[in-house]
Structures are given as structure tokens and as C-alpha cells.
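The lines below spell out each chain.
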2 protein chains.
Amino acid sequence: MNKNVFRNLSYGVYIISTLDGGRGTGCVANSIMQITSEPATIALSMNHDNFTNSCIAKSGRFAISILSESSDSALIGQFGFQSGKDVDKFEGVGHALKEGLPVIDDSCGYIVCNVIDKMETSTHTVFLGEVVDGDLLEDSPAMTYAYYHNVVKGRSPKNAPTYLPEETEGADSSAAKWVCSVCGYVYDQETPFEDLPDSYKCPVCGQGKDKFRRQ
Amino acid sequence: MNKNVFRNLSYGVYIISTLDGGRGTGCVANSIMQITSEPATIALSMNHDNFTNSCIAKSGRFAISILSESSDSALIGQFGFQSGKDVDKFEGVGHALKEGLPVIDDSCGYIVCNVIDKMETSTHTVFLGEVVDGDLLEDSPAMTYAYYHNVVKGRSPKNAPTYLPEETEGADSSAAKWVCSVCGYVYDQETPFEDLPDSYKCPVCGQGKDKFRRQ
């Protein structure tokens with residue numbers, strides 16, 4: 001079996017939010033699909049290790065913010081490469097409450113769901129949610145995972161089903177590589193990495209230059 | 001709730017195949033996502049009304065052929081806009097047997113699964129399949145549903161969760177439209193429809209000029 005074939009499955013890039021008690025929290029997910037149209041239901045797959053998973057199980061609710069090609073990719077670092085156990089994911093992020101759940105302003109739309117069923121697998125829960133609210137926001141094409149991977153040069157968090165340990169393509173293999181130790185972004189711009197100003201930040205997760213490692 | 005937000009969820013375009021007794025059959029689906037990586041599992045959503053659904057339930061197996069941007073869009077008409085109850089879907093279609101299931105040659109990869117669980121909803125079954133084989137084929141980007149909709153100008157079959165009855169955008173609304181009555185494709189090329197040769201075929205589903213209706 002050639003596992004690289006899984007890279008040819010298409011996904012969007014979403015921020016899934018829910019409530020931890022009265023506090024908003026969330027994470028990045030790719031694995032979302034509409035199941036039925038009337039009533040509208042959505043399936044969401046989430047790793048057991050994501051703090052958001054246990055919060056959805058407790059609250060019985062989740063919201064999907066659909067990232068667009070113009071969404072700030074630092075949102076993926078903020079929500080995808082740190083845990084809601086440790087940080088307030090929504091701190092400094094523009095958002096509004098929809099049916100009581102926080103949704104991201106800088107997205108092309110949102111969907112709010114109540115959990116009505118779930119299916120457990122070895123590592124992930126598939127939540128089935130009935131849609132209770134949803135609307136369009138920014139008028140920009142939805143970001144696909146392929147766009148994130150090929151244009152933003154982003155990588156998958158380790159909890160994502162799309163994560164492959166050998167994710168290192170996309171950079172010149174003859175030269176030394178500088179790789180963000182937080183999100184795996186491989187620096188591939190013309191300016192030598194050493195010459196970048198100290199204020200340089202990872203374009204994917206927003207971490208500083210000191211988080212990059214030479215490989 | 002604004003149902004147009006569902007159009008911002010991203011999908012690929014896949015041909016799902018299985019066995020009807022000893023005969024291959026299949027249909028088009030968008031709703032596929034990887035759930036776990038080790039062992040690799042895939043969730044597939046399929047309408048109860050699709051003949052392929054009952055054949056997967058009986059055989060306990062399905063294969064996914066991943067269409068690419070260079071795949072012949074007539075495959076979508078062949079598999080998406082007619083029923084395997086009535087026709088042999090694989091007649092005249094280049095395919096190979098993988099683990100006993102037919103997969104499409106003109107695709108960028110295939111995945112073969114054994115069903116290990118399922119979740120029922122009002123109109124669709126979500127099958128969970130454990131991957132038993134998979135490989136890359138054509139070296140062309142996977143076709144996304146957005147590409148099919150915006151570039152190929154294709155529409156959703158009525159059984160798809162992505163189907164919206166008001167799907168009529170994409171053509172010049174000031175002029176008369178010629179619409180394929182089989183798949184909903186709206187003719188939008190420069191040559192007036194009336195001047196096309198009798199041999200003209202719908203680029204999406206391959207039906208003849210006589211299947212078009214003026215609107």
C-alpha cells in the first residue's frame with residue numbers, strides 16, 4: 001500500500017470551536033463533510049487527544065469556521081499547534097458569538113451544530129452534528145488543504161489523520177533547511193535564513209526565528 | 001440559516017465502486033474523509049437511494065478512484081447521472097481489478113477498503129472502511145468539487161448532500177440558456193447552441209444535443 005495516495009483526498013481547512021465550561025476553545029480540522037441536506041447534518045472527525053474533542057463531548061455542540069484563501073494563516077498556528085488546555089485560543093482573535101459559540105471573523109463562513117450521534121474509532125471520534133445556524137462571511141474562495149500545503153507551505157499537526165511523518169518535500173534538498181520546530185514549516189525564500197531580521201515570524205504558526213532548527 | 005454556506009465546504013470528486021454479485025458497479029461521491037492513519041480508515045457517506053449503497057452493504061467492500069483535473073469529465077456522467085440497476089457502469093471504461101474491485105485507470109489514485117463499521121442517518125449511510133490497498137496513478141492534481149463546479153461547470157446529482165435545488169448560477173442570465181436535462185450542465189460557449197453539430201455531446205455526462213432544453 002502506498003500511503004501517499006491519501007494526499008490526493010481533498011479537504012478544506014476549518015477551525016472547530018466549542019465551549020470549555022463558559023470559555024471558548026477550539027482547534028484546526030480538515031475532516032468535515034456534509035452528510036444529509038434536510039435536516040442538514042455534518043460529520044466531523046477529531047482525534048481523541050485533542051482537548052476540543054472532550055469539550056465537544058461534554059457540551060454537545062461545535063461550530064465550524066471555514067478558512068478562506070485570504071484568511072490569516074497565523075490562525076492555523078494559533079489554533080493548530082498549541083493546546084486549549086494551556087492557552088486561551090481566542091485571545092487576540094476577532095470573533096463573534098453565534099448561538100453562544102465563538103466563530104472566527106476572518107473566515108468565509110460558519111456553521112453551528114448540535115451533536116446528535118457519534119462513532120468511535122481507534123484514535124478519532126466521528127461526531128454527527130445537526131446544523132442549527134450558518135452563514136457566509138468573507139467573499140473569498142475557501143482554503144483547501146492542497147492550497148495550505150502547496151501555497152502557504154503549511155504542514156499537518158501530529159493529531160491530524162492527514163499527518164505523514166515523512167512530510168519534508170517542497171524545499172531544495174541540496175541546501176540546508178530551516179524548519180519551524182512548532183509547525184514544521186520549511187523556510188524556502190530567497191533571502192538566506194541567517195540574514196532574516198530578528199523580528200521574523202513563521203508565516204504559518206507565528207512563532208519567532210528562535211524556534212527554527214537547521215536540518 | 002443560509003444554506004449557501006455549505007458550498008464553502010471542500011471536497012474531492014470520487015468514483016466509488018463495489019460488487020453487485022460478481023459484476024462491478026459504482027457511483028460518484030464527494031463525501032470521503034480519512035479518519036485514522038494507523039490502521040488507515042476512511043469514512044464514506046452515501047445516500048440510501050444509491051444502488052451502490054446496498055451493494056456495499058452486501059459485499060462489505062468498496063474502492064475509491066480519485067478523479068484528477070485531467071480525468072475525462074464524462075466519467076462523472078457515466079457514474080453519476082444513471083443507476084447501476086439499469087446499466088453496466090464499467091462498460092467501455094478503462095479499469096483494473098485491485099483486490100477484486102474495479103478501479104478507474106483515468107484517475108490519480110485508488111484506495112480499497114473493507115467496511116468495519118457504519119452509522120445511519122435519515123438519508124445517508126456513513127461507512128467506515130479499513131484500507132487494504134491503495135496507490136497513486138496519474139500525476140495530475142486531484143479534482144476538487146470547486147474545480148468541477150467552477151471549471152468543468154458540473155452539477156450535483158440529486159442524491160448528493162451537496163445538491164441545492166437552485167443550482168443555476170454560472171451562465172449569462174440575460175440570454176436564453178441551454179441546459180442538459182440529464183446532468184444540469186449549462187451550455188456557455190461562444191458558438192450559439194443552435195449552430196452546434198448534431199454530434200455535440202454534453203461535456204459533463206456525454207448525452208447528445210437532443211437532451212438539452214432551452215430555459
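What counts, and at which threshold
- Residues numbered from 1 in each chain as written.
- Chains lettered and ligands numbered in written order.
- Predicted model: local features only at pLDDT ≥ 70, side-chain atom pairs only at ≥ 80, totals over all residues.
- Heavy atoms only, no water.
- Least-squares fit on C-alpha atoms with pLDDT ≥ 70 in both.
- Contact = heavy atoms within 4.5 Å.
- Pairing = 2+ DSSP bridges.
- Helix = DSSP H or I, 4+ residues; strand = E, 2+ residues; numbered from the N terminus.
- Axes fitted to C-alpha atoms, helices over the stretch in contact; angles between N-to-C directions.
- Domains from an automatic or database assignment.
- Buried area = accessible area lost by both parts, 1.4 Å probe.
- Salt bridge = Lys/Arg side-chain N within 4 Å of Asp/Glu carboxyl O.
- Polar contact = N/O pair within 3.5 Å; in protein donor to acceptor, adjacent residues only side chain to side chain.
- Buried < 20%, exposed > 50% of the residue type's maximum accessible area, 1.4 Å probe, protein only.

A separate point is the relation of the copies chain B and chain A. Superposing chain B onto chain A requires a rotation of 180 degrees together with a translation of 0.0 Å along the rotation axis, leaving an RMSD of 0.1 Å. On this basis, the relationship between the two copies can be described by a two-fold rotation axis. Among all residues of chain B, the one whose C-alpha sits closest to the rotation axis is B:Y11, at a distance of 2.8 Å. In this assembly the copies share their binding face: 100% of the residues contributing to the interface of chain B also contribute to that of chain A.

What follows deals with the sheet that holds strand β5 (residues 61–66) of chain A. Residue and element names in this part refer to chain A. With antiparallel pairing, 7 strands are arranged side by side in an open sheet as β2-β1-β5-β8-β9-β4-β3. Every interior strand has two partners, whereas the edge strands, β2 (23–29) and β3 (32–37), have only one. Averaged over all neighbouring strand pairs, the angle between strand axes comes to 35 degrees, with direction disregarded. Note: strand β8 (residues 109–120) against strand β9 (residues 124–136), 11 bridges, orientation antiparallel. Across the sheet, residue C113 finds its bridge partner in β9, namely V131. Where helix α1 (residues 51–59) meets the sheet, its contacts fall on β1 (14–20), β2, β4 (40–47), β5, β8 and β9, and the angle it forms with β1 comes to roughly 55 degrees.

Residue and element names in this part refer to chain A. Here chain A is partitioned into domain 1 (10–150) and domain 2 (178–214). Computed from C-alpha atoms alone, the centre-to-centre distance between domain 1 and domain 2 is 27 Å. Facing 6 residues of domain 1, the contacting portion of domain 2 comprises 5 residues. Between domain 1 and domain 2, roughly 430 Å² of surface is buried when both sides are summed, and carbon and sulfur atoms account for 58% of that area. At the boundary of domain 1 with domain 2, the tally comes to 0 salt bridges. Counting the contacts that link domain 1 with domain 2 gives 1 residue pair in polar contact (both at pLDDT 80 or more). Among the elements that make up the side of domain 1 that touches domain 2, the one with the highest residue count is helix α2 (residues 74–80) (3 residues).

Bringing the pairing of β5(A) into the picture now. All names here are of chain A. Taken across its 6 residues, β5 has 5 buried, putting it largely inside the fold. Strand direction decides the pairing type here: β1 and β5, joined by 4 bridges, are antiparallel. If you follow Y14 over to β5, its bridge partner there is I66. Alignment of β5 against β8, held across 6 bridges, turns out to be antiparallel. Each bridged residue has a counterpart across the sheet, and for R61 the counterpart in β8 is N114.

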